[in-house]
Amino acid sequence: MKQSENYKKIIGVKNPRNQRLKDLDIEKKIFIDFYNYIFNALKNDKDHVIDRLELDNISNEYISLLAANTNAMSQDGLKFSEIKVVNNSSDSLWVDYGNFVKEISSNTDAKKYEDFVA
């Protein structure tokens, strides 16, 4: 049995669930790059990380909102918080990830959110 036939039998559609993931390559890259950035930052000296965040104009409130909305992406029943993306950061990764989270959490793009977290 072909894979597409197997999916049709199981979930009643002709194509596999991951068909639209290709449409999300940019978002996937932003998410992975930001995850790796945070993972590597945790290995650094705390004072160095704090200094770098201050230089990049990243506030504790902004970090908390991104963390809460990232958590909401991963768990059913959690609500997204409204977020204003920091645009004055010298680190574009914070801006890109903020825009990604804002886009995914918007009610107007629920389909994209479902595709990304599925």
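Since the structure is predicted, the reported quantities are computational estimates derived from the model, not experimental observations.

**Student:** Can you explain the overall build of the protein? Please cite residues and give values.
**Tutor:** Scanning the protein from N- to C-terminus turns up six helices and zero strands. Of the regular secondary structure in the protein, the N- to C-terminal order runs α-α-α-α-α-α. The proportion of buried residues among the 118 residues of the protein is 25%. Sequence separation of at least 24 residues holds for 61% of the intrachain contacts in the protein that already meet a minimum separation of 6.

**Student:** A description of the packing of helix α4 (residues 60-74) against helix α5 (residues 92-105) should follow, citing residues and the corresponding values.
**Tutor:** Closest axis-to-axis distance for the α4/α5 pair is 10 Å, and the angle between their directions is 45°. Here α4 is positioned oblique relative to α5, judged by the angle of their axes. The way α4 lies across α5 gives a crossing that is left-handed. Residues Y62, I63, L66, N69, T70 and M73 of α4 form the contact with α5, whose participating residues are W94, Y97, G98, F100, V101 and I104. Each residue belonging to the contact of α4 with α5 can be placed in one class, and the counts come to nine nonpolar, three polar and no charged.

**Student:** Lay out the pattern of salt bridges in plain terms, naming residues and giving numbers.
**Tutor:** The full count for this structure, using the stated rule, is three salt bridges. Note that D33 is salt-bridged to K29, the shortest N-O span being 2.6 Å. One end of the pair, D33, and the other, K29, are both in helix α2 (residues 25-41), four residues apart, so they sit about a helical turn from each other. Given a relative accessible area of 51%, K29 falls into the exposed group. Taking the shortest distance from any N to any O, the salt bridge between R52 and D56 comes out at 3.1 Å.

Conventions used here
- Residues numbered from 1 in each chain as written.
- Predicted model: local features only at pLDDT ≥ 70, side-chain atom pairs only at ≥ 80, totals over all residues.
- Heavy atoms only, no water.
- Helix = DSSP H or I, 4+ residues; strand = E, 2+ residues; numbered from the N terminus.
- Buried < 20%, exposed > 50% of the residue type's maximum accessible area, 1.4 Å probe, protein only.
- Contact = heavy atoms within 4.5 Å.
- Axes fitted to C-alpha atoms, helices over the stretch in contact; angles between N-to-C directions.
- Parallel < 35°, antiparallel > 145°, perpendicular 65-115°, else oblique.
- Left-handed = near helix turned anticlockwise from the far one by under 90°.
- Nonpolar A, V, L, I, M, F, W, Y, C, P; charged D, E, K, R; others polar.
- Salt bridge = Lys/Arg side-chain N within 4 Å of Asp/Glu carboxyl O.

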